[in-house]
Amino acid sequence: EADIYQTPRYLVIGTGKKITLECSQTMGHDKMYWYQQDPGMELHLIHYSYGVNSTEKGDLSSESTVSRIRTEHFPLTLESARPSHTSQYLCASSEYTGDGANVLTFGAGSRLTVL
Amino acid sequence: QKEVEQNSGPLSVPEGAIASLNCTYSDRVSQSFFWYRQYSGKSPELIMSIYSNGDKEDGRFTAQLNKASQYVSLLIRDSQPSDSATYLCAVITGNFNKFYFGSGTKLNVKP
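Residues numbered from 1 in each chain as written. Chains lettered and ligands numbered in written order. Predicted model: local features only at pLDDT ≥ 70, side-chain atom pairs only at ≥ 80, totals over all residues. Heavy atoms only, no water.

### A look at the layout of surface pockets
Reasoning step 1: Size it by volume and the largest pocket reaches roughly 430 Å³.
Reasoning step 2: As for the largest pocket, its lining consists of 25 residues, of which Pro 39, Gly 40 and Met 41 of chain A together with Ser 40 and Thr 86 of chain B are closest to the centre.
Reasoning step 3: Quantified by volume, the second largest pocket comes out at close to 200 Å³.
Reasoning step 4: Looking at the second largest pocket, it is lined by 13 residues, and the ones nearest its centre are Glu 42, Leu 43 and His 44 of chain A together with Tyr 100 and Phe 101 of chain B.
Reasoning step 5: Sort the elements by how many residues they give to the lining of the second largest pocket and strand β10 (residues 99-101) of chain B lands first, with three residues.
Reasoning step 6: Taken together, the residues of the lining of the second largest pocket sort by class into eight nonpolar, one polar and four charged. (1 Å grid on protein atoms, 1.4 Å probe; cavity = no way out; pocket = protein on both sides within 12 Å on 5 of 7 lines; lining within 4 Å. Points joined across faces, edges and corners; volume = space filled by probe spheres on them. Helix = DSSP H or I, 4+ residues; strand = E, 2+ residues; numbered from the N terminus. Nonpolar A, V, L, I, M, F, W, Y, C, P; charged D, E, K, R; others polar.)

### Let's talk about the packing of aromatic side chains
Both the distance between ring centres and the angle between the ring planes are used here to describe each pair of aromatic rings.
Reasoning step 1: Summed over the entire model, instances satisfying the criterion amount to eleven aromatic pairs over all chains.
Reasoning step 2: Where Tyr 25 of chain B meets Phe 33 of chain B, the ring centres are 4.7 Å apart and the plane angle is 45°; that geometry is what we call tilted.
Reasoning step 3: Under the relative-accessibility criterion, Tyr 25 of chain B is labelled buried at 5%.
Reasoning step 4: Accessibility expressed as a relative area gives 0% for Phe 33 of chain B, which makes it buried.
Reasoning step 5: One aromatic cluster is present, built from ring pairs that chain together Tyr 33, Tyr 35 and Phe 106 of chain A together with Phe 34, Tyr 36, Tyr 51, Phe 99 and Phe 101 of chain B.
Reasoning step 6: Here the basic side chain of Arg 68 of chain A rests over the ring of Phe 74 of chain A, its NZ or CZ set 5.8 Å away from the ring centre. (Phe/Tyr/Trp six-rings, centres within 6.5 Å; stacked < 30°, edge-to-face > 60°. Buried < 20%, exposed > 50% of the residue type's maximum accessible area, 1.4 Å probe, protein only. Lys NZ or Arg CZ within 6 Å of the ring centre and 35° of its normal.)

### Thoughts on the side chain of Gln 70 of chain B
Residues and elements named next belong to chain B.
Reasoning step 1: Position of Gln 70 relative to the elements: it lies in the loop between β7 (61-66) and β8 (71-76).
Reasoning step 2: At a separation of 3.2 Å, a polar atom in the side chain of Gln 70 contacts the main-chain carbonyl oxygen of Ser 26.
Reasoning step 3: In this structure Gln 70 touches Cys 23, Thr 24, Tyr 25, Ser 26, Asp 27 and Arg 28, once residues within four positions along its chain are discounted. (Polar contact = N/O pair within 3.5 Å; in protein donor to acceptor, adjacent residues only side chain to side chain. Contact = heavy atoms within 4.5 Å.)

### What about the sheet that holds strand β3 (residues 19-25) of chain A?
Reasoning step 1: Spatially, four strands are ordered β1-β3-β8-β7 (chain A) in an open sheet, and the strand pairing comes out antiparallel. The strands lining the two open edges of the sheet, one partner per strand, are β1 (4-7) and β7 (65-66) of chain A. (Pairing = 2+ DSSP bridges.)

### Details of the interface of chain B and chain A
Reasoning step 1: Tallying the contact residues gives 22 residues for chain B and 24 residues for chain A.
Reasoning step 2: Here chain B and chain A share an interface that buries about 1800 Å² over both sides, 54% of which is from carbon and sulfur atoms.
Reasoning step 3: If you look at where chain B meets chain A, you find zero salt bridges.
Reasoning step 4: For the pair chain B and chain A, the interface holds four residue pairs in polar contact (both at pLDDT 80 or more).
Reasoning step 5: Elements represented by at least two residues in the side of chain B that touches chain A include exactly β4 (32-38), β9 (85-92) and β10 of chain B.
Reasoning step 6: A total of four residues in the side of chain B that touches chain A trace back to one element, the largest contributor, which is β4 of chain B. (Buried area = accessible area lost by both parts, 1.4 Å probe. Salt bridge = Lys/Arg side-chain N within 4 Å of Asp/Glu carboxyl O.)

Next comes the structure, spelled out in structure tokens:
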């Protein structure tokens with residue numbers, strides 16, 4: 001059972017609104033990530049964080065911003081939503097396994113529709 | 001060139017058959033490799049991880065890694081209709097904190 005939580009699961013909003021997608025994990029993981037995925041398409045990394053006060057942009061350019069003030073919390077914000085932002089946003093965190101590698105665990109996702 | 005390449009499929013197999021999924025990666029220094037399963041509308045879930053050349057078995061699943069040829073494969077034995085999903089190959093590259101995903105192979109297991 002995943003210990004990474006995303007809210008809201010579904011959001012329908014109008015163009016120009018500011019939205020924040022919440023992501024929290026209870027596992028104490030340092031590394032957290034945001035991926036964007038359109039239906040039937042591949043995952044694209046848009047933001048990641050190595051720890052508190054650390055944020056980096058991913059490989060896909062995104063107008064969203066993120067913050068990491070607490071280890072367990074990694075919210076994503078869109079200041080002015082547009083229809084092109086309609087997508088599924090997946091939050092993830094990673095931990096070291098016993099054999100020294102990272103394993104990535106995903107939240108359930110937030111499906112955003114901008115009208 | 002993409003970091004991770006997969007055949008998008010769909011791959012169709014009859015129930016009880018072996019499904020074989022393949023993945024190639026471009027960065028020779030990659031050290032960690034993963035297979036995730038994603039059902040439609042759901043988030044990916046980890047099936048297997050593999051870090052050394054050779055085979056790794058877990059129940060009906062076997063992951064195979066060949067670093068010299070830069071490919072990873074996943075075999076699913078005794079395929080079930082519940083295995084029908086998109087299978088994502090993922091790699092951690094030399095930048096050890098970033099996971100790169102392939103576009104996924106859609107598997108259909110027909111009853």
